[in-house]
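Overview (structure and organization)
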Amino acid sequence: MERGKRDKGVLTGAAELFDLPVDLVTGVPHVEVLGNRQFYMENHRGIISYSDREIAISGSGMILQVKGAELVLVSMTAQALRIQGEIERIEWVV
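First, a word on scope: everything that follows refers to the structure included in this document. (Residues numbered from 1 in each chain as written. Predicted model: local features only at pLDDT ≥ 70, side-chain atom pairs only at ≥ 80, totals over all residues. Heavy atoms only, no water.)

**Considerations on the overall build of the protein**
Here is the rule we go by: Starting at the N terminus, helices and strands are each numbered in turn, a helix being any DSSP run of H or I of at least four residues and a strand any DSSP run of E of at least two. Computed by Shrake-Rupley with a 1.4 Å probe, the accessible areas treat only the displayed protein chains as cover when residues are assessed.
When helices and strands are counted, the protein shows two helices and six strands. Surface exposure of the protein reaches about 6,000 Å², of which carbon and sulfur atoms provide 54%.

**Some details on the pairing of strand β1 (residues 30-34)**
Our working rule: Pairing between strands requires that DSSP locate at least two bridges from one strand to the other.
Pairing analysis gives five bridges linking β1 to strand β2 (residues 38-42), with the strands arranged antiparallel. Bridge assignment links V31 to a residue of β2, and that residue is M41. Here β1 folds back onto β2 in antiparallel fashion, the turn holding three residues, of which G35 has a positive phi close to 60°.

**Some words on the nonpolar core**
Cut-off, in case you're wondering: Definition of nonpolar core: a set of buried residues of the types Ala, Val, Leu, Ile, Met, Phe, Trp, Tyr and Cys, connected through side-chain atoms within 4.5 Å. Residue burial is assigned from relative accessible area. The probe radius is 1.4 Å, only protein chains are included, and a residue is buried under 20% of its type maximum, exposed over 50%, and partly exposed in between. We call two residues in contact when some of their heavy atoms are within 4.5 Å.
Listed in full, the ten residues of the largest apolar core are F39, M41, I55, I57, L64, V66, L71, L81, I83 and I87. Looking at this core, the elements with two or more residues in it are β2, β4 (54-59), β5 (62-76) and β6 (80-93). Excluding its chain neighbours within four sequence positions, the residues that come into contact with I57 are F39, M41, H44, G46, I47, I48, M62, I63, L64, V66, L81 and I83.

**So, the pairing of β6**
Pairing of β2 with β6 involves five bridges; the strand directions are antiparallel. Residue F39 lies in a different strand from β6, and its bridge partner there is I83. Here β5 pairs with β6 via eleven bridges, running antiparallel. Each residue of the ladder has a partner; that of G68, found in β6, is I87. Connecting β5 to the next strand, β6, in antiparallel fashion are three residues.

**Regarding the pattern of salt bridges**
Let me state the cut-off plainly: Salt bridge, as applied in this entry: a Lys or Arg side-chain nitrogen positioned within 4 Å of an Asp or Glu carboxyl oxygen.
A full pass over the atoms with the stated rule returns four salt bridges. Where E88 meets R53, a salt bridge forms, and the shortest distance between an N and an O atom there is 4.0 Å. Remark: R53 occurs in the loop between β3 (46-50) and β4 and E88 occurs in strand β6; sequence separation between them is 35 residues. With its nearest N and O atoms 2.7 Å apart, the salt bridge here joins E91 to R89. Sharing partners across several salt bridges, the network here consists of E54, K67, R89 and E91.

**What to know about the sheet that holds β1**
What counts is decided by this rule: All axes are obtained by fitting lines to C-alpha atoms, using only the stretch in contact for helices, and the reported angles, taken between N-to-C directions, cover 0 to 180 degrees.
The antiparallel open sheet is built from six strands, whose spatial order is β1-β2-β6-β5-β4-β3. The sheet terminates laterally at β1 and β3, the two strands that pair on one side only. When the angles between neighbouring strand axes are averaged without regard to direction, this sheet yields 40°. The pairing of β4 with β5 spans six bridges and is antiparallel. Within β5, the position partnered with E54 by the bridge is K67.

By themselves, these are just geometric observations and shouldn't be taken as functional.
Written as structure tokens, this is what we have:
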């Protein structure tokens, strides 16, 4: 078993034992969508591509593509980002 996968398994077990959110402990992305107008993501790894029709975001071992119209990156920190616009779909690419 790869070390990264084993470490995540240990961290997941510790999170469950202490009743902590798994995403907080393991660093996996936490995503929230409010209707079709707002997208929020914690634990991102940066923006891969950006346009008003599609924003691709690097996550932990995956890429999330937010697709729609009039998409705008409203805020971004090292930990979280927020996108607004008319969200048509969200795709996970592993």
